[in-house]
Amino acid sequence: MSNLTVAKFGGTSVANFEAMQRCANIIKNDLSNRVVVVSASAGVTNHLVRLGQENVALHEQLEIVQSIKTIQYAIAQHLSNKDALSVVIDGKLSELTAIAQLQSEQYSAKNADEILSFGEQFSSLLFTEVLNSLGVNACCFDVKQVMKTNSLYGKAVVDNEALKVNAVEKLAAKLNEQVIVTQGFIGQDGLGHTTTLGRGGSDYSAALLAEALDASNLAIWTDVVGIFTTDPRITDQARAIPEISFGEAAEMATFGAKILHPATLIPAMRQNIPVFVGSSKEPEKGGTLIQQSVESNPTYRSIALRREQTLVTVRSPAMLHASGFLAKVFAILAKHELSVDLITTSEISVALTFDNPTGSTQSLINSSVVEELEQLCEVTVEHGLSLVAVIGNNLHATKGLGRSVFDKINDFNIRMICHGASSNNLCFLVPENDANVVVEQLHNTLFV
Ligand code: ADP
Ligand code: ASP
Ligand code: MG
């Protein structure tokens, strides 16, 4: 649809009534904003993650539900229909309490996702009312009607074909009449059960909806004025990037820049939808435009950091001049649905890294993976590492790259340098405790 913007507001943007009002004004001031995707209010999903775990004592369950109630009531009390809203909120909280109790007695991944979905249900309900209170004709749409997924609870895969058909059938016509507010992060499987797309997944939901509705723009409204040269929480020297290519931004997201969920740019790239990233607190300050091609392609664009990486080293003298060893290792990893990130090899050993997605309670490399690998070789598993990625253009053809990057971080123990597979990144591991200082010093070297 021409001139259709899908706007996504993250947790801090819908944290409280004042924040929601700022976002509602952004929608009101630009009539192309017809679809709004919201995250849960800040902090709510973290509460729900805890509530969805097994063996949570009853008193803790009640405390968590009370904390969520406080956040949502604080927003509702500013609205003229607060009494009616309280009834709806209370109804949902009772439902949540019942599932939480069941979950603490008998854990299931299915119920964990059901529990996680409440945050976005509350925020979308309340944000719709905030829009209506400002005179914007808005309605709340249940995204489960269109966001069909498989049953991989916690990390569900969306059926793009079904989404497209459903979006055209159930959503497109509505857009001419009302602003549609819907939930990020959640979907529904073939059995009618609620699923979630992984932490931070609302960005991805918004991008998928933009693609399905053939939107002309996607706007990601967050708590920073765009994409920066590195996480501004690590160094105050980080600066906003006005324009960046899909490819570079996708590398940043993949390598841990929390500003975008790693999959966000996939639908945007498929459909060539420009993505704007800006601050809902300071919309007047502009932001970053991500699009197919940009005017400048600097050697160094940004530094991303991904924490909680696991390094697995497999070692076998039998690997010397042998064939098929790696295939066996990868077959075991595939069987356990483990996705390898970085890889380096020597004559008799191979080092592999794995991302430990935030929020996961158990180590990905569990004892049964190790035991199976040990049938083949010696295995060492190391935790407490962070992956630093230098992102830019033509890095493979940049003379002196090694010196520029590593000269000023001489004092640190750098592990597993990976460069060559892509001309857009150079990655390495550092001990978790050194990560912030390494990024800060590297940023001072490459960008200041
Ligand atoms: P939201 O709740 O709006 O989705 P997130 O907390 O998920 O917001 O993402 C925004 C945060 O991402 C920022 O506050 C910032 O700390 C972090 N971040 C990490 N890397 C970058 C980067 N390169 N540029 C901007 N922000 C970044
Ligand atoms: N509310 C979910 C989370 O906190 C999804 C999101 O915010 O994008 O992970
Ligand atoms: Mg986010």
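None of the values given here were measured: they were computed from a predicted structure. (Residues numbered from 1 in each chain as written. Chains lettered and ligands numbered in written order. Predicted model: local features only at pLDDT ≥ 70, side-chain atom pairs only at ≥ 80, totals over all residues. Heavy atoms only, no water.)

### Here's the deal with the site of ligand 1
At step 1: Around ligand 1 there are 17 residues in total, and Thr222, Phe228, Asp231, Arg233 and Lys258 lie nearest to it.
At step 2: At 3.0 Å, a side-chain N or O of Lys8 approaches an oxygen atom of ligand 1.
At step 3: Burial of ligand 1 by the protein chains amounts to 90% of its free accessible area of 580 Å².
At step 4: Residues that form the shell around ligand 1 fall into these classes: seven nonpolar, five polar and five charged. (Near = heavy atom within 4 Å. Polar contact = N/O pair within 3.5 Å; in protein donor to acceptor, adjacent residues only side chain to side chain. Areas by Shrake-Rupley, 256 points an atom, 1.4 Å probe, with all protein chains shown as cover. Nonpolar A, V, L, I, M, F, W, Y, C, P; charged D, E, K, R; others polar.)

### Notes on the sheet that holds strand 8 (residues 243-245)
At step 1: Spatial strand order, 3-4-2-1-7-9-10-8: eight strands in an open sheet with mixed pairing. Of all strands in the sheet, those bounded by a partner on one side alone are strand 3 (138-141) and strand 8. Each neighbouring strand pair of the sheet contributes to a mean axis angle of 20°, computed without reference to strand direction.
At step 2: Taken strand by strand, helix 1 (residues 17-29) contacts strand 1 (5-9), strand 2 (33-38), strand 4 (179-183) and strand 7 (217-222), and its axis lies near 175° from that of strand 1.
At step 3: In the packing of helix 9 (residues 246-254) onto the sheet, the strands contacted are strand 8, strand 9 (275-279) and strand 10 (287-291), and the crossing angle to strand 8 comes to about 85°. (Pairing = 2+ DSSP bridges. Helix = DSSP H or I, 4+ residues; strand = E, 2+ residues; numbered from the N terminus. Axes fitted to C-alpha atoms, helices over the stretch in contact; angles between N-to-C directions. Contact = heavy atoms within 4.5 Å.)

### Examining the pairing of strand 14 (residues 378-392)
The side chains of a regular strand alternate, residue by residue, between the two faces of the sheet.
At step 1: Relative to strand 14, strand 11 (residues 300-315) runs antiparallel, the two sharing twelve bridges. Bridging across to strand 14, Ser302 finds its partner in Ile391.
At step 2: Direction of pairing for strand 14 relative to strand 16 (residues 425-431): antiparallel, over a ladder of seven bridges. Of the residues in strand 16, the one forming a bridge with Leu385 is Pro431.

### Description of the side chain of Arg34
At step 1: Relative to the helices and strands, Arg34 resides in strand 2.
At step 2: Buried and unpaired, Arg34 has no salt bridge, with Glu177 as the nearest side chain of opposite charge at 8.5 Å.
At step 3: If we ignore the near neighbours within four places in the chain, the residues touching Arg34 are Leu4, Thr5, Leu175, Asn176, Glu177, Gln178, Val179 and Ile180. (Buried < 20%, exposed > 50% of the residue type's maximum accessible area, 1.4 Å probe, protein only. Lys, Arg positive; Asp, Glu negative; His and termini not counted. Salt bridge = Lys/Arg side-chain N within 4 Å of Asp/Glu carboxyl O.)

### A word on the sheet that holds strand 13 (residues 349-355)
At step 1: Here six strands make up an open sheet; going across it, the order is 12-13-11-14-16-15 and the pairing antiparallel. Across the chains shown, the open sheet's two edge strands, defined by having one partner strand only, are strand 12 (343-345) and strand 15 (415-419). Mean inter-strand twist for the sheet, computed between neighbouring axes without regard to direction, equals 25°.
At step 2: Each of strand 11, strand 14 and strand 16 is contacted by helix 14 (residues 435-447), which is oriented at about 140° to strand 11, the strand it contacts most.

### Considerations on the nonpolar core
At step 1: With 107 residues, the main nonpolar core has Phe9, Phe127 and Ile290 as its most contacted residues.
At step 2: Every residue in contact with Ile290, bar those within four places of it in the chain, is listed here: Ile227, Ile244, Ser245, Phe246, Ala249, Leu260, Leu265, Pro274, Val275 and Val277.
At step 3: Ranked by size, the runner-up nonpolar core spans 21 residues in total, among them Ile234, Phe412, Leu426 and Val438. (Core = buried A, V, L, I, M, F, W, Y, C linked by side-chain atoms within 4.5 Å.)

### So, unusual backbone geometry
At step 1: Of note, the phi angle at Glu308 is positive, near 55°, even though the residue is not glycine.
At step 2: Turning to its location among the elements, Glu308 is positioned in strand 11.
At step 3: In this model, Glu337 sits at a positive phi of 55°, which is unusual for a non-glycine residue.
At step 4: Structurally, the position occupied by Glu337 is in the loop between helix 11 (325-335) and strand 12.
At step 5: Exposure remark for Glu337: the relative accessible area of 65% places this residue in the exposed category.

### Quick word on the UniProt feature "domain: Aspartate/glutamate/uridylate kinase" (unreviewed entry) in the protein
At step 1: Feature annotation in UniProt assigns "domain: Aspartate/glutamate/uridylate kinase" (unreviewed entry) to the following positions: residues 4-278.
At step 2: Secondary structure content for residues 4-278 is 46% helix and 14% strand, and the end C-alpha separation is 18 Å. (UniProt positions renumbered as here; feature names shortened; annotations may be inferred.)

### Observations concerning the UniProt feature "binding site: substrate" (unreviewed entry) in the protein
At step 1: Following the UniProt record, the feature "binding site: substrate" (unreviewed entry) maps to Thr45 and Glu120 here. A maximum C-alpha distance of 8.5 Å is found for the annotated residues, which run over 76 residues; spatially they form one tight group.
At step 2: Residue position: Thr45 is located in helix 2 (residues 44-51).
At step 3: With a relative accessible area of 10%, Thr45 lands in the buried category.
At step 4: Those residues in contact with Thr45, other than ones at most four positions away along the chain, are Ala40, Leu116, Glu120, Phe185 and Arg199.
At step 5: Structurally, Glu120 is set in helix 6 (residues 118-133).
At step 6: Every residue in contact with Glu120, bar those within four places of it in the chain, is listed here: Val38, Ser39, Ala40, Thr45, Gln183, Gly184, Phe185 and Ser202.

### Describing the packing of helix 4 (residues 82-105) against helix 5 (residues 109-116)
For any two helices packed against each other, the geometry comes down to the angle between their axes and how far apart the axes lie.
At step 1: Where helix 4 meets helix 5, the closest approach of the two axes is 10 Å, and the angle between their N-to-C directions is 155°. On the basis of their axis angle, the class for helix 4 and helix 5 is roughly antiparallel. Between helix 4 and helix 5 lies a crossing of left-handed hand. Residues Leu96, Ile99, Ala100, Leu102 and Gln103 of helix 4 lie in contact with helix 5, whose contacting residues are Asn111, Ala112, Glu114 and Ile115.
At step 2: Residue classes in the contact of helix 4 with helix 5 are distributed as six nonpolar, two polar and one charged. (Parallel < 35°, antiparallel > 145°, perpendicular 65-115°, else oblique. Left-handed = near helix turned anticlockwise from the far one by under 90°.)

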